[in-house]
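Listed below are the residues making up each chain.
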Amino acid sequence: MALLSSVQRHVETPTLGPTPVRLEYIRAQLTVWPVVNGTEFLVAIVPRSYDRRSVIDVGRTLQKVVMDATRLGLATCWIGPGADHESLKRHLGDRFDPERDQIICTCAVGYRSRYVPLFVRLFNRMSFHRRLLSELFFTDAELCVPVDVAAPPYARFGRTFEACQWAPSSYNGQTTRAVLRSDAGVVQGVDFYAATSSRYYAPVALGIWCANWELGCEALGLEGLVASHPKPVGELAIPRHDVTWVPTLAAGA
Ligand SMILES: Cc1cc2nc3c(=O)[nH]c(=O)nc-3n(C[C@H](O)[C@H](O)[C@H](O)COP(=O)(O)O)c2cc1C
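Basis of the calculations
Residues numbered from 1 in each chain as written. Predicted model: local features only at pLDDT ≥ 70, side-chain atom pairs only at ≥ 80, totals over all residues. Helix = DSSP H or I, 4+ residues; strand = E, 2+ residues; numbered from the N terminus. Contact = placed C-beta atoms within 7 Å. Pairing = 2+ DSSP bridges. Axes fitted to C-alpha atoms, helices over the stretch in contact; angles between N-to-C directions. Near = placed C-beta within 6 Å. Nonpolar A, V, L, I, M, F, W, Y, C, P; charged D, E, K, R; others polar. Domains from an automatic or database assignment. Core = buried A, V, L, I, M, F, W, Y, C linked by C-beta atoms within 7 Å. Buried ≥ 20, exposed ≤ 12 C-beta atoms within 10 Å, placed from the backbone.

Caption draft 1: Broad picture of the environment of G207. Mapped onto the elements of the fold, G207 is located in helix α6 (residues 201–219). If we skip the residues at most four places from it in the chain, G207 touches I56, D57, V58, G59, R60 and Q63.

Encoded structure:
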């Protein structure tokens, strides 16, 4: 019940794209890899016509639900490539319209099992690493000069850097980067970049970073707003600047 109200709250939050994200609940033994015995799932659905902002919204919205679930003592597992979309669609029934809808990913929710199969334990161990902060956060748009996270004006974002560093991503691809623009000792904005040309999992991962950045800042009492970065049609340069977080009040000082 608490999780459903979290879903309600986050899908009603203004999105970057033109339409809200839909998160549909399924209770079934779905065909997914490698979630063993998962029986409850949230499925993220956006309009069928591709809009990158909506894919980012999936990451941002679902990650906020995932964080609420974690606070409630629930375990979660994002499932992208591991989900069989035909079985998802079968269980969604008339909540999925193939003419209008597109499934982006799903997320298993439940109580963590004490039994973890060996291959899952090995996979988890292999993915339990992250790029250094100096490989993820920069002060310039060329992504060359790393942020000194311990020095002002960046230090005030505290462990928000780590919250992004440890964000989940498909196959642990870690495709998001951020540039902290500052002027006269004040952070003016944080630009989130996708480091690969992937049309789905890089924007989802970037949305997850945005959620973690916002939640980290919220916890520190730093207010800000996110907005998508406008692009000329056909602009394909990589790394790709997708979203900006702009501090409000005195967050950047
Ligand atoms: C969009 C997305 C899709 C994912 N798809 C799968 C999947 O299909 N199967 C799976 O076991 N894990 C999946 N993951 C989880 C990642 O493999 C995991 O986050 C990454 O390996 C890092 O591991 P950690 O989050 O446990 O540190 C996905 C994560 C994201 C964000």
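So much for the structure itself; the text now carries on.
Caption draft 2: Expanded view of the sheet that holds strand β3 (residues 75–79). Across the sheet, which stays open at both edges, the 4 strands sit in the order β1-β2-β4-β3 with antiparallel pairing between neighbours. Taken across any chain shown, the strands that pair with only one partner, and hence form the sheet edges, are β1 (22–27) and β3. Across the sheet, the axes of successive neighbouring strands diverge by a mean angle of 25 degrees, strand direction being ignored. One ladder, built from 5 bridges, connects β3 with strand β4 (residues 101–110); its direction is antiparallel. Opposite W78, over in β4, you have C107 as the bridge partner.

Caption draft 3: Local environment of the site of the ligand. Residues in close proximity to the ligand total 20 residues, the closest being W78, G80, G82, S127 and P168. Among the secondary structure elements, those contributing two or more residues to the shell around the ligand are β3, α4 (118–127) and α6. Here the shell around the ligand gets 4 residues from one element, more than from any other, and that element is α6. Of the residues in the shell around the ligand, the class split is 13 nonpolar, 7 polar and no charged. Formed jointly, the shell around the ligand draws a minimum of three residues from each of two domains, domain 1 (2–120) and domain 2 (129–247).

Caption draft 4: A look at the nonpolar core. In terms of nonpolar packing, the biggest core is built from 59 residues, with L42, A44, V58, C107, A178, L206 and W209 touching the most fellow members. With 11 residues, the top contributor of residues to this core is α6. Three or more residues apiece are contributed to this core by two domains, here domain 1 (2–120) and domain 2 (129–247). Those residues in contact with C107 that lie beyond four places of it in its chain are F41, L42, L62, V66, T76, C77, W78 and I79.

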